[in-house]
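Residues per chain, in single letters:
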Amino acid sequence: QVQLVESGGGLVQAGGSLRLSCAASGNIFRINDMAWYRQPPGKRRELVAAITSGGSTNYADFVKGRFTISRDNAKNTVYLQMNSLKPEDTAVYYCKQGVVTTTQRMTYDYWGQGTQVTVSS
């Protein structure tokens, strides 16, 4: 019913910046919370940042003010601005959106396909 498409990943040098985007499409009634997760090689998926429908944000400790999450409700899109990137930020980044569809008025989490972010030293 709902598809999330991610873009913006790539290879950057340490200290560089990237902006990830994640756009949802389909049978959408409304979108509640949005979030970004990442999965480094050989590790479990971990929360990076989240933003509520009201704009309240929450960040993982390792972000240390370097990342900013934002949303554009008109475009059903969540963004992650990543600055001062470090090699340890290398991971597959996944977006998640809590979507209420027009056929099932209950929030259900949908995930993006993942996008690779590689930070070289």
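First, a word on scope: everything that follows refers to the structure included in this document. Here the structure is a predicted model, which means the values were calculated and not measured.

**Some thoughts on the sheet that holds strand β3 (residues 18-26)**
Link 1 in the chain: Spatially, β1-β3-β8-β7 is the arrangement adopted by the four strands of the open sheet, whose pairing is antiparallel. Of all strands in the sheet, those bounded by a partner on one side alone are β1 (2-7) and β7 (67-72). Strand-to-strand twist across the sheet, computed as the mean angle between neighbouring axes with direction ignored, equals 15°.
Link 2 in the chain: Note: β3 against strand β8 (residues 77-82), six bridges, orientation antiparallel. From the neighbouring strand, A23 faces β8, where its bridge partner is T77.

**Side note on the nonpolar core**
Link 1 in the chain: Formed by 29 residues in total, the largest nonpolar core has its most connected members in W36, V48, F67, V78, L80, M82 and Y93.
Link 2 in the chain: Elements with a minimum of two residues in this core: β1, β3, β4 (28-39), β5 (46-51), β7, β8, β9 (91-101) and β11 (115-120).
Link 3 in the chain: Look past the residues within four positions of M82 in its chain and what remains in contact with it is G16, S17, L18, L20, R66, F67, Y93 and V117.

The rules we used
- Residues numbered from 1 in each chain as written.
- Predicted model: local features only at pLDDT ≥ 70, side-chain atom pairs only at ≥ 80, totals over all residues.
- Heavy atoms only, no water.
- Pairing = 2+ DSSP bridges.
- Helix = DSSP H or I, 4+ residues; strand = E, 2+ residues; numbered from the N terminus.
- Axes fitted to C-alpha atoms, helices over the stretch in contact; angles between N-to-C directions.
- Core = buried A, V, L, I, M, F, W, Y, C linked by side-chain atoms within 4.5 Å.
- Buried < 20%, exposed > 50% of the residue type's maximum accessible area, 1.4 Å probe, protein only.
- Contact = heavy atoms within 4.5 Å.

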